[in-house]
Amino acid sequence: MALPVTNGTLFMPLILTFIGIPGLESVQCWIGIPLCAMYIIALIGNSLILIIINSEPSLREPMYIFLAMLGATDILLSTSIVPKMLGIFWFHLPEIYFDACLFQMWLIHTFQGIESGALLAMALDRYVAICYPLRHAMVFTQQLVTYIAVGVTLRPAILVIPCLLLIKCRLKLYRTKLISHTYCEHMALVKLATEDVYINKFYGILGAFIVGGLDFTFITLSYIQIFITVFHLPLKEAQHKAFNTCIPHICVFFQFYLLSLPSGPTVPQPLYLWGKDQAH
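Small disclaimer: the values here were computed from a predicted structure and weren't measured. (Residues numbered from 1 in each chain as written. Predicted model: local features only at pLDDT ≥ 70, side-chain atom pairs only at ≥ 80, totals over all residues. Heavy atoms only, no water.)

With respect to the overall build of the chain
Of the regular secondary structure elements, the chain holds eight helices and six strands. Going residue by residue from the N terminus, the α and β elements of the chain occur as β-β-β-α-α-β-α-α-α-β-β-α-α-α. When the 280 residues of the chain are sorted by exposure, 45% land in the buried category. Here the chain has roughly 14200 Å² of accessible surface; of this, 73% comes from carbon and sulfur atoms. (Helix = DSSP H or I, 4+ residues; strand = E, 2+ residues; numbered from the N terminus. Buried < 20%, exposed > 50% of the residue type's maximum accessible area, 1.4 Å probe, protein only. Areas by Shrake-Rupley, 256 points an atom, 1.4 Å probe, with all protein chains shown as cover.)

Right, dumping it as structure tokens:
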């Protein structure tokens, strides 16, 4: 399905093949069972969140709107990854068209960027609500929430497009069509090329910084200021109440970014480090 050039080099293969989890090929069918269970639980849990927020008028506040956005994105991100992984593990369908691989890569990194942006929006909402409670309703108007949601969606969607174009237009020669992974992501695909990939790596790192890096920095600064404000509250009861409004978001924040660090091949975790040179 690909045109050989020289010494086993391929000219932009039409079809790529996922190896799956290197070293665990014999037990991948069993790994698919908990993976499928987690996927179903994620679908049910996030769907319930969306239904509850949509059906309860009192939950139409910015914090819950961003939470609904996070839940919807989590459903889309998981659906972009898990079905194909199960197809590899259970039905021995490791092949994917090159253009379809690029599209999957765009979906994955876009949804990851949206999740990070939603976490940042939630952190800023808590920052204003706790540090400037009297201004919260004036600042986080419905119009501003809409603008934030649109911006959070468009930012990664646009930033990932050059990654696709750089691969499609610059990288023509590939050493193999085998991807040592279970889904398409930036560096897993770039590593297959025999040509100079410096520009691809540089843009990957730049995209990771613009999205994940800046979001992480602003979220951290927001919570540092929140903690300072809370610790200066005169009443313990007020401190506990303020902390209780932040704890769920903090847990999600740490879960998201801790799972972003190891870009492992076994679970559909956030993979912000578009430019990270992974070794599988």
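From this point on, the discussion continues.
Here's the deal with the state of the cysteines
Working definition: the covalent bond between the sulfur atoms of two cysteines is a disulfide. In the structure shown here, the tally under the stated rule is one disulfide. With a sulfur-sulfur separation of 1.8 Å, C101 is cross-linked through a disulfide to C184. Disulfide C101 to C184: torsion about the S-S bond roughly -115°, handedness left-handed. Of this pair, C101 sits in helix α3 (residues 98–131) while C184 sits in the loop between β6 (178–179) and α6 (186–190), and the two are 83 residues apart along the sequence. Both residues of the pair, C101 and C184, belong to the buried class. You can see C131 has no disulfide; the closest cysteine sulfur is in C246, sitting 8.9 Å from it. Its relative accessible area of 16% is what places C131 among the buried residues. (Disulfide = S-S within 2.5 Å.)

Section: the packing of helix α5 (residues 142–170) against helix α7 (residues 198–231)
Helices that pack against each other are described as a pair by the angle of their axes relative to one another and the distance between those axes. Look at α5 against α7: their axes get within 10 Å of each other, and the N-to-C directions meet at 170°. Judged on the interaxial angle alone, α7 and α5 are roughly antiparallel. The residues of α7 that touch α5, namely those facing R155, L159, P162, C163, L166, I167 and R170, are I199, N200, Y203, I210, V211 and D215. Per-class residue counts for the contact of α5 with α7 are nine nonpolar, one polar and three charged. (Axes fitted to C-alpha atoms, helices over the stretch in contact; angles between N-to-C directions. Parallel < 35°, antiparallel > 145°, perpendicular 65-115°, else oblique. Contact = heavy atoms within 4.5 Å. Nonpolar A, V, L, I, M, F, W, Y, C, P; charged D, E, K, R; others polar.)

Here we look at the nonpolar core
One broad trend across soluble globular proteins is that nonpolar side chains are buried collectively. Counting 45 residues, the largest nonpolar core has L16, F98, I167, Y174, I179 and L189 as its most contacted members. Every element with two or more residues in this core is listed here: β3 (15–18), α1 (28–55), α2 (62–91), α3, α5, α6 and α7. Setting aside anything within four residues of it in sequence, one finds I179 in contact with L16, T17, F18, I19, G20, C101, C184, A188, L189 and L192. Core analysis: the next-biggest nonpolar cluster, separate from the first, contains 23 residues, M63, M122, A123 and F140 among them. (Core = buried A, V, L, I, M, F, W, Y, C linked by side-chain atoms within 4.5 Å.)

Looking at the packing of α3 against α7
Between α3 and α7, whose axes approach to 9 Å, the crossing angle comes to 20°. Put simply, α3 runs roughly parallel to α7. As for the relative orientation of α3 and α7, their crossing is left-handed in sense. Contacts from G113, S116, G117, L119, L120, A123, L124, R126, Y127, I130 and C131 of α3 reach α7 at V211, G212, D215, F218, I219, S222, Y223, Q225, I226, T229 and V230. Residues belonging to the contact of α3 with α7 are distributed by class as follows: 13 nonpolar, seven polar and two charged. (Left-handed = near helix turned anticlockwise from the far one by under 90°.)

What about the confidence of the model for the chain?
Averaged over all residues, the pLDDT of the chain is 86; the fraction at 70 or higher stands at 89%. Element-level mean pLDDT values for the chain span from 54 in strand β1 (residues 3–4) up to 96 in strand β4 (residues 95–97). Considering only residues more than four positions removed or in separate chains, one finds that residues 262–280, a stretch of pLDDT under 50, has 72 contacts. (pLDDT = per-residue confidence, 0-100.)

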